[in-house]
Structure formats: C-alpha cells, structure tokens
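One letter stands for each residue in the lines below.
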Amino acid sequence: MTDKDFLKKAVEEGNVAGVLLPQPNYYGIVEDFEGIADQCHAHKTLLAINALPADLATLRSPGEWGADIACGDGQSLGLPLSCGGPYIGYLCCKEDLVRKMPGRLVGMTTDAEGRRAFVLTMQAREQHIRREKATSNICTAQGIMCLWIGAYLSLMGQKGLQEAAALSYAGAHTLRDLLTADGAFAEAFPNQPFFNEFTLKCEGVCPNQLRHAMAEKGWLAGIAAEGHKDLLILCVTEKRSREEIEAFAKELIACKKELVNK
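Counting starts from 1 at the beginning of each chain's written sequence and moves along it residue by residue. In keeping with the model being predicted, local features are shown solely for residues with a pLDDT of at least 70 and side-chain atom pairs are shown and tallied solely at 80 or more, while totals for entire chains, interfaces and linings include all residues. The side-chain quantities take in all heavy atoms of the structure and omit both hydrogens and water.

> How do you make sense of the environment of Phe248 when you look at a structure like this?
Going along the chain from the N terminus, every DSSP run of H or I of four or more residues is numbered as a helix, and every run of E of two or more is numbered as a strand. Looking at the secondary structure, you find Phe248 in helix 5 (residues 242–261). In sequence terms Phe248 and Ala221 are 27 residues apart; their C-alpha atoms lie 8.5 Å from each other. In this description, contact between two residues means that some pair of their heavy atoms is separated by no more than 4.5 Å. The contact partners of Phe248, leaving out residues within four places of it in the chain, are Leu175, Met214, Trp219, Leu220, Ala221 and Leu234.

> Honestly, the environment of Phe6 in this entry has me stumped. Any pointers?
The residue Phe6 is located in helix 1 (residues 4–13) in this model. Accessibility here uses a 1.4 Å probe with only protein chains present; expressed as a share of the type maximum, an area under 20% marks a residue as buried, one over 50% as exposed, and anything in between as partly exposed. On the basis of relative accessibility, which here comes to 60%, the residue Phe6 falls in the exposed class. For the pair Phe6 and Leu46, spaced 40 residues apart in sequence, the C-alpha separation works out to 16 Å.

> Teacher, can you tell me more about the packing of helix 3 (residues 143–180) against helix 5 here?
Two packed helices can be described by the angle between their axes and the distance between those axes. Each axis is a line fitted through C-alpha atoms, taken for helices only over the stretch in contact, and angles between the N-to-C directions span 0 to 180 degrees. Interaxial distance between helix 3 and helix 5 falls to 10 Å at its minimum, and their mutual angle equals 30 degrees. With respect to their mutual orientation, helix 3 and helix 5 come out roughly parallel. Between helix 3 and helix 5 lies a crossing of right-handed hand. Contact residues: helix 3 offers Gly171, Thr174, Leu175, Leu178 and Leu179, while helix 5 offers Arg242, Ile245, Glu246, Phe248, Ala249, Leu252 and Ile253. Each angle receives one of four descriptions, namely roughly parallel if under 35 degrees, roughly antiparallel if over 145, roughly perpendicular if within 65 to 115, and oblique otherwise. Handedness of a crossing is defined here by the sense of rotation of the near helix relative to the far one, left-handed for an anticlockwise turn of less than a right angle and right-handed for a clockwise turn.

> What is the right way to look at the sheet that holds strand 7 (residues 186–187) in this model?
One key point about sheets: their strands pair by backbone hydrogen bonds, in either a parallel or an antiparallel sense. Pairing between two strands requires that DSSP report at least two bridges joining them. With antiparallel pairing, the four strands of this open sheet are ordered in space as 7-8-10-9. A single partner strand is all that each edge strand has here, and the edge strands are strand 7 and strand 9 (223–224). Here two bridges tie strand 9 to strand 10 (residues 231–235), and the two strands are oriented antiparallel to one another. Across the sheet, Ala224 pairs through a bridge with Leu232, a residue of strand 10.

> What's the story with the pairing of strand 5 (residues 105–110) in this structure? I'm lost.
Taken residue by residue, a regular strand's side chains alternate between the two faces of the sheet. Of the strand pairs in this sheet, strand 5 and strand 6 (residues 116–122) are connected by six bridges, and their pairing is antiparallel. Bridging across to strand 6, Val106 finds its partner in Leu120. Linking strand 5 back to strand 6 in an antiparallel pair, the connection comprises five residues, with Gly114 at a positive phi of about 80 degrees.

> Where do I start with the pattern of salt bridges in this structure?
If charged atoms from side chains of opposite charge come close, those side chains can pair. Think of a salt bridge as a Lys or Arg side-chain nitrogen and an Asp or Glu carboxyl oxygen that are within 4 Å of each other. Here the structure, examined in full by the defined rule, presents eight salt bridges. Between Glu34 and Arg60 there is a salt bridge, with the nearest N and O atoms lying 3.1 Å from each other. Residue Glu34 is located in the loop between strand 1 (18–23) and helix 2 (36–42), and its partner Arg60 is located in the loop between strand 2 (46–51) and strand 3 (69–73); the two are separated by 26 residues in the primary sequence. Take Glu34: its relative accessible area is 51%, and that puts it in the exposed class. On the basis of relative accessible area, Arg60 is assigned to the partly exposed category, the value being 34%.

> Please clarify how the sheet that holds strand 1 should be interpreted in this entry.
Across the sheet, which stays open at both edges, the four strands sit in the order 1-2-3-4 with mixed pairing between neighbours. With partners counted over all chains shown, the strands left at the sheet margins are strand 1 and strand 4 (89–93), one partner each. Strand-to-strand twist in this sheet, taken as the mean axis angle between neighbours without regard to direction, amounts to 20 degrees. Note that strand 3 and strand 4 share five bridges and pair antiparallel. Following the sheet pairing, Cys71 is matched in strand 4 by Leu91.

Here it is as structure tokens:
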C-alpha cells in the first residue's frame with residue numbers, strides 16, 4: 001500500500017510537483033487516502049488519482065478524496081477487449097486547472113427553445129487560437145469510443161452501473177473464498193479491502209507456469225505480479241456467472257495440485 005509516512009516526508013521536503021495514486025492499487029487493494037490531499041496542498045503539490053471509472057459507481061471518487069486531477073482508462077465503460085483496443089482514457093481536473101488541459105472543452109447549455117444542447121465552451125489551447133502555447137497536438141481522435149461509452153452510460157444509468165459493480169464485487173469475493181477455502185491458495189494481503197481484483201499466494205508453484213497450464217485448458221488465469229515469484233492477481237467482472245466462477249476455481253486448484261505433484 002501507499003507509504004504515507006514516506007509520502008508526507010517527501011512532500012514536506014518540497015520540490016514535489018505532484019503525487020499520483022492508484023485506486024484500487026496494483027494488487028487490487030482499495031486504499032484510504034484521507035488527509036493526503038491536505039498534506040499535498042499545504043506544500044503546493046497537486047494530487048492526481050488514477051481510478052477505474054466503472055468502480056466509481058461504488059467507490060469514493062477522486063474528487064471526494066480532494067484530488068486536483070482524476071484520470072484513468074475508460075475500457076470498463078462498456079468497451080470490448082478487442083485484442084487490446086482501441087480504448088480511451090479520461091482526464092478531469094478542478095476548474096482552476098482547466099486552461100492547462102489540452103484541446104477543447106465541450107459544455108452543456110440550452111438552445112433558444114430551452115432544449116439541452118452541447119456547445120464548444122473553450123478552445124484556448126487550440127493551435128489556431130494560441131499557436132505558440134497550443135497543446136491540442138497531443139490530443140487524439142477517439143470519437144467512436146466516446147460515442148460507444150455515451151451509449152453504454154445512457155443505457156446503464158446510475159442504477160445499472162451500481163448493479164454491475166455489485167456483481168463484480170460479489171463475484172470476486174466468491175472466487176477468493178473458493179480458492180482459499182481448503183488452503184490451496186492464501187491471501188497475499190489478508191484483511192485488506194478489495195473491489196473486484198485481489199492477489200493470492202501460489203506457494204510451491206510459479207504463477208506463470210500456472211497461467212500457462214490454465215491457458216492450455218482454455219482459461220485466462222489473471223497475471224503474475226511483477227517483482228514477486230509467487231503472487232497471482234485475479235479479477236472478476238459482472239460478465240462472469242456463478243457457474244463460471246465455480247468452474248474456474250475448481251480448474252485452478254486442480255492445475256496447482258498437478259504442478260506441485262510433478
């Protein structure tokens with residue numbers, strides 16, 4: 001987890017322009033960022049939080065933590081995996097940082113008949129407005145992905161997003177319970193809260209060997225944690241049924257036993 005003592009010391013020593021924190025973190029742990037924004041702002045340091053947007057239907061948002069900038073990958077908002085893309089990122093900031101954002105901003109208003117409308121609100125960073133200070137050259141055209149996500153959000157609504165998040169949460173905790181029930185696997189970080197990603201210890205087996213064995217049986221068994229020889233990170237989304245979760249857990253335990261006995 002984030003070393004808060006180290007972070008506090010580094011910020012207090014100065015010369016830290018910004019702090020970037022993940023939520024959930026690399027191992028799937030949902031961290032408590034209470035007070036970090038105040039520490040950063042007291043020393044003129046910006047706080048940015050990288051969060052998965054679908055998780056924010058349930059988790060506390062970057063803005064609620066006091067972050068100046070929120071960013072992340074938008075794939076979880078209805079985009080298919082599609083062999084790696086195309087995907088889309090999101091970038092949000094507080095109002096006093098808006099003019100530092102690249103490209104143009106579109107805002108919501110009403111037309112002459114009082115109907116909801118969207119118009120170009122600001123383009124101060126565009127090349128044809130301020131060529132020498134323009135940042136629009138680092139923008140990308142993600143129109144089709146914007147349309148896709150817009151359609152997904154309009155169909156799901158707030159209630160649908162919360163239901164999907166609840167299914168992901170329940171599925172992940174069910175899988176964790178199944179895999180650790182008989183001691184085949186152990187939690188890498190016991191008693192730490194997680195949403196739909198979690199990390200297990202694969203004692204006696206290399207995680208990549210286990211992943212390859214599962215792949216031969218048609219399963220994608222998470223990823224091996226970088227820098228560790230025995231940690232496997234797993235994830236469950238709302239698309240996985242109870243039957244699929246149980247079948248996956250049974251196969252993963254069987255694969256581990258086979259590898260241990262070789």
